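Chain by chain, the residues:
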Amino acid sequence: MQLRRWEPTVLPLLTALAVLAVWEIGVRVSGTKVFPSPAEVGRGLEELLRKGLLWRYTADSLLRVGSGYLLAILVGIPLGLALGWYPLAARAANPLIQMLRPISPLAWIPVAIVLFGVGNESAVFLIFLASFFPILVSTMTGVRGVPPMFRLAGANFGLSIAALLRRVVFPAALPHMIVGLRIALGIAWLVVVAAEMIAVDSGLGYLVIDSRNAGKRYDLVIAGMILIGLIGLGLDIGMRRLERLKSVRWGFLND
Amino acid sequence: MTPPSRTTARETKLRVQGVNKVFTRDGKSVNVLEDIDLEIRDGEFVCLLGPSGCGKSTLLNIVAGFTPPTSGQVYIDGEPVTGPDPRRIFVFQERGVFPWLTVEGNIGFGLFRLPPKEKARRIAHYVKLVGLSGFEQAYPAELSGGMKQRLEVARALAVNPDMLFLDEPFGALDSITRLLMRSELLRIWEAEKKTILFVTHDIEESVQLADRVVVMSARPAKIQRVVEIDIPHPRDISSPRYLKLRDGIFEEIGLAHKV
């Protein structure tokens, strides 16, 4: 279906307005004293901005996600390439990977605290764990899915195994890996918020839990939630942009 | 006075000696190639012709060093083949070009040992040779089937190999593009003086291109006959000689030449 030019922006805005209206009406009709109205949440956001907390907390959360995610990439991609390249190694490691993968990162919280104490390192560790498995598995399956023809063509030009992995296997598997990277970033963002609720005293997750605990500031709770959602949306849009790069877009075309 | 034919007085480039290939699938052995003996001279254009699935591609893979033979040996320049080698490049049926690289990136792929200036010069030369000028920055997804195939040939030629192995390279193209590609390949072959081993199941194609056509039987593939195509290029494909050679091969394969 062909969209008119204004539709992709205007339609979602209309939906948002409708939700705000229902929210506002709900607050008024129920006469609640606890749940804030949209305007109160707006004022809450403004307060966060004025105190400089908005940028600081956002930056702290993004920094944690960035560190954990980057670590997961640095470990997950080389390991995934190796396991995808040597089938025997994959056979040895796969049952363990498949067993660890379904464990929620939140179940690791006590372990993280024992290993790294209550603090930043624990949060980063949890994000690392959460994003590591999708990256590892998508790299492995991506490498295994590389057509043998590409490997043969690469080998024909006299590439060493290291060069073959870097110049043929990696780019050939990249479209598949990018899907895993996108999923991993989404999970990492989910987990940072949860991690900040227990382990640290800054960040958007901390904002949500602290606003409730210290003074029942539900306007700030909701403001924090909206920020988390918007940033998550932004991260996903950024990852989708990567899929459109020409050096990977071929993997998403069905020709 | 006639000059000596191109196919005489040249050194042996490739020798296939008693090659057998047995595949084992689900505990069953399948004989794919049986007692293949073949010699190809330097600079020669030889077509391996046979029905689909007869094992001619397997032979090409063995010659290229991608698969070892079950028994027998392949020699190139007198040395046994033990693996792939950049001195001889394999051109795949289709989609052998790297979709993540541009036309320039593909052609330059094998030139990693050259200094940048020389590399750029080579790329420019082969872009022009295969008629892809103006598409240097294009990705394979933006090219037609024929352009992709020319790109792969250019990528192969850029490393200056002395042999090319082509595995039904024009099989996926429409018939008009296929005809154009054949004359392109002949033009390039005459300009670059490579030894070419070309696998096809298309009788017309083999008679149009090759100095010699090696006719292979159905599985297990044996060499049934070798036909010398003694017509100079450009070949008149309605000349009596052409038709006689072509019909001879049709008969050899056991096809009545009627539709």
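Cut-offs and rules
- Residues numbered from 1 in each chain as written.
- Chains lettered and ligands numbered in written order.
- Predicted model: local features only at pLDDT ≥ 70, side-chain atom pairs only at ≥ 80, totals over all residues.
- Heavy atoms only, no water.
- Contact = heavy atoms within 4.5 Å.
- Buried area = accessible area lost by both parts, 1.4 Å probe.
- Salt bridge = Lys/Arg side-chain N within 4 Å of Asp/Glu carboxyl O.
- Polar contact = N/O pair within 3.5 Å; in protein donor to acceptor, adjacent residues only side chain to side chain.
- Helix = DSSP H or I, 4+ residues; strand = E, 2+ residues; numbered from the N terminus.
- Buried < 20%, exposed > 50% of the residue type's maximum accessible area, 1.4 Å probe, protein only.
- Lys, Arg positive; Asp, Glu negative; His and termini not counted.
- Expected span 1.5 Å × (residues − 1).
- Domains from an automatic or database assignment.
- Nonpolar A, V, L, I, M, F, W, Y, C, P; charged D, E, K, R; others polar.
- Patch = residues over 30% accessible without salt bridge, like charges linked within 9 Å, V, L, I, M, F, W, Y side chains within 5 Å.
- Areas by Shrake-Rupley, 256 points an atom, 1.4 Å probe, with all protein chains shown as cover.
- Pairing = 2+ DSSP bridges.
- Axes fitted to C-alpha atoms, helices over the stretch in contact; angles between N-to-C directions.
- Parallel < 35°, antiparallel > 145°, perpendicular 65-115°, else oblique.
- Left-handed = near helix turned anticlockwise from the far one by under 90°.

1. Some remarks on the interface of chain B and chain A
Link 1 in the chain: With 26 residues of chain B at the contact, the number on the chain A side is 19 residues.
Link 2 in the chain: Of the roughly 2000 Å² buried between chain B and chain A on both sides combined, carbon and sulfur atoms contribute 69%.
Link 3 in the chain: Inspection of the chain B/chain A interface yields one salt bridge.
Link 4 in the chain: Here Glu142 of chain B and Lys246 of chain A are joined by a salt bridge, their closest N and O atoms 3.0 Å apart.
Link 5 in the chain: Where chain B touches chain A, the interface holds five residue pairs in polar contact (both at pLDDT 80 or more).

2. What to know about the side chain of Lys21 of chain B
Residue and element names in this part refer to chain B.
Link 1 in the chain: Counting through the fold element by element, Lys21 comes out in strand β1 (residues 12-25).
Link 2 in the chain: Although Lys21 lies buried, it forms no salt bridge, and the closest oppositely charged side chain, Asp35, sits 14 Å away as judged by the N-O distance.
Link 3 in the chain: One polar contact links the side chain of Lys21 to the main-chain carbonyl oxygen of Pro68, over a distance of 2.6 Å.
Link 4 in the chain: If sequence neighbours within four positions are ignored, Lys21 has contacts with Val30, Asn31, Val32, Leu33, Thr58, Ile62, Thr67, Pro68, Pro69 and Thr70.

3. Looking at helix α1 (residues 7-30) of chain A
All names here are of chain A.
Link 1 in the chain: Helix length check: α1 (24 residues) gives 34 Å between terminal C-alpha atoms against 34 Å at 1.5 Å per residue, within 8%.
Link 2 in the chain: Three or more residues of α1 are buried, namely Glu7, Trp23 and Val27.
Link 3 in the chain: Of the surrounding elements, those touching the buried residues of α1 are α2 (38-50) and α10 (218-243).
Link 4 in the chain: Backbone geometry just after α1 places Gly31 at a positive phi near 65 degrees.

4. Considering the domain arrangement of chain B
One widely used convention gives an interface's size as the accessible area the parts lose upon coming together.
Residue and element names in this part refer to chain B.
Link 1 in the chain: The domain boundaries assigned to chain B delineate domain 1 (12-87 + 163-253) and domain 2 (96-160).
Link 2 in the chain: Relative placement of domain 1 and domain 2: their C-alpha centres are 25 Å apart.
Link 3 in the chain: Each partner contributes residues to the interface: domain 1 has 13 residues there, and domain 2 has 13 residues.
Link 4 in the chain: Carbon and sulfur atoms supply 67% of the area that domain 1 and domain 2 bury against each other, a total of about 1100 Å² over both sides.
Link 5 in the chain: Ranking the residues of domain 1 by area buried against domain 2 places Met181, Ile188 and Glu192 at the top, with a combined share of 36%.
Link 6 in the chain: For the interface between domain 1 and domain 2, the tally reads zero salt bridges.
Link 7 in the chain: The interface formed by domain 1 and domain 2 holds four residue pairs in polar contact (both at pLDDT 80 or more) in total.
Link 8 in the chain: Element by element, the count of residues in the side of domain 1 that touches domain 2 is highest for helix α5 (residues 175-192), at six residues.
Link 9 in the chain: Along the lines of polarity and charge, the residues of the side of domain 1 that touches domain 2 split into eight nonpolar, one polar and four charged.

5. With respect to the environment of Leu100 of chain A
Residues and elements named next belong to chain A.
Link 1 in the chain: Following the sequence through the fold, Leu100 ends up in helix α4 (residues 87-100).
Link 2 in the chain: Linking Leu100 and Phe133, residues 33 residues apart in sequence, is a C-alpha distance of 8.5 Å.
Link 3 in the chain: Among all residues touching Leu100, those that are not within four sequence positions of it are Trp108 and Phe133.

6. Here we look at a nonpolar patch on the surface
Link 1 in the chain: Taken together, Trp6, Val10, Leu11, Leu14, Leu17 and Leu20 of chain A make up a surface patch of nonpolar side chains, about 540 Å² in accessible area.
Link 2 in the chain: One can find Leu14 of chain A in helix α1.

7. Some details on the pairing of strand β6 (residues 88-91) of chain B
Residue and element names in this part refer to chain B.
Link 1 in the chain: Going residue by residue along β6, you find Arg88 and Phe90 tucked away on one face and Ile89 and Val91 tucked away on the opposite face as well.
Link 2 in the chain: Judged from the four bridges that link them, β6 and strand β7 (residues 163-167) form a sheet pairing that is parallel. Within β7, the residue paired with Arg88 across the bridge is Met163.

8. Points about the environment of Asp42 of chain B
Residues and elements named next belong to chain B.
Link 1 in the chain: Among the structural elements, Asp42 can be located in the loop between β2 (28-41) and β3 (45-49).
Link 2 in the chain: Residue classification places Asp42 among the partly exposed positions, given a relative accessible area of 34%.
Link 3 in the chain: Spatially, the C-alpha atoms of Asp42 and Gly248 are 26 Å apart, while their sequence positions differ by 206 residues.
Link 4 in the chain: Not counting the four nearest positions on each side in its chain, Asp42 is found in contact with Arg10, Glu11, Lys13 and Thr195.
Link 5 in the chain: Polar contacts involving the side chain of Asp42 include one to the side chain of Thr195, which spans 3.3 Å.

9. A word on the packing of helix α9 (residues 204-213) of chain A against α10 of chain A
All names here are of chain A.
Link 1 in the chain: Interaxial distance between α9 and α10 falls to 8 Å at its minimum, and their mutual angle equals 165 degrees. Overall, the two elements α9 and α10 adopt an arrangement that is roughly antiparallel. The way α9 lies across α10 gives a crossing that is left-handed. Judged by residue contacts, Leu204, Leu207, Val208, Ser211 and Arg212 of α9 engage Tyr218, Leu220, Val221, Gly224, Met225, Leu227, Ile228 and Ile231 from α10.

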